[in-house]
Amino acid sequence: METIYMPSNPAVFIGVTFLIGFALVAIAKVYGLFFMGWKTPFRLGDEMNVDHAEVVEWENGKGFVSAGGELWSANSADDLAPGDAVTVTSVNGLKLQVKKKPA
């Protein structure tokens, strides 16, 4: 039968446990930094270059627009309906300002 080593001093046990935990967190962090570098960054503000945006839901000058494969909250002074093509005029945080594309 195998013997599992348990230190007689509790401080040693706590120290080893802490070091193992720290090492696991460090490995997870390095893994995340390495592999998350290939992810697409969030596109906000001037970086958002959308060729096609479409109204998904609209009521009383506000609603939701599908732009760049994502669903965005939006405002517009134009009278819009679901399915209308729109142009993104500005981005304020996570809210788009849009206008109807000419037919």
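We now turn to the structure provided with this report.

The rules behind each value
Residues numbered from 1 in each chain as written. Predicted model: local features only at pLDDT ≥ 70, side-chain atom pairs only at ≥ 80, totals over all residues. Heavy atoms only, no water. Helix = DSSP H or I, 4+ residues; strand = E, 2+ residues; numbered from the N terminus. Pairing = 2+ DSSP bridges. Axes fitted to C-alpha atoms, helices over the stretch in contact; angles between N-to-C directions. Polar contact = N/O pair within 3.5 Å; in protein donor to acceptor, adjacent residues only side chain to side chain. Contact = heavy atoms within 4.5 Å.

## Some details on unusual backbone geometry
Backbone geometry at Asn60 places phi at a positive 55°, although glycine is not the residue there. By the element assignment, Asn60 lies in the loop between β1 (53-59) and β2 (62-67).

## Things to note about the sheet that holds strand β3 (residues 70-75)
With mixed pairing, the 5 strands of this closed barrel are ordered in space as β1-β2-β3-β5-β4. Geometrically, the sheet is characterised by an average inter-axis angle of 50° between neighbouring strands, direction not taken into account. Relative to β2, β1 runs antiparallel, the two sharing 6 bridges. From the neighbouring strand, Val55 faces β2, where its bridge partner is Val65.

## Here's the deal with the side chain of Ser76
Along the polypeptide, Ser76 turns up in the loop between β3 and β4 (85-92). Polar contacts involving the side chain of Ser76 include one to the main-chain amide nitrogen of Asp78, which spans 3.0 Å. At a separation of 2.9 Å, a polar atom in the side chain of Ser76 contacts the main-chain carbonyl oxygen of Val98. Not counting chain neighbours up to four residues away, the residues in contact with Ser76 comprise Trp58, Gly61, Gln97, Val98 and Lys99.

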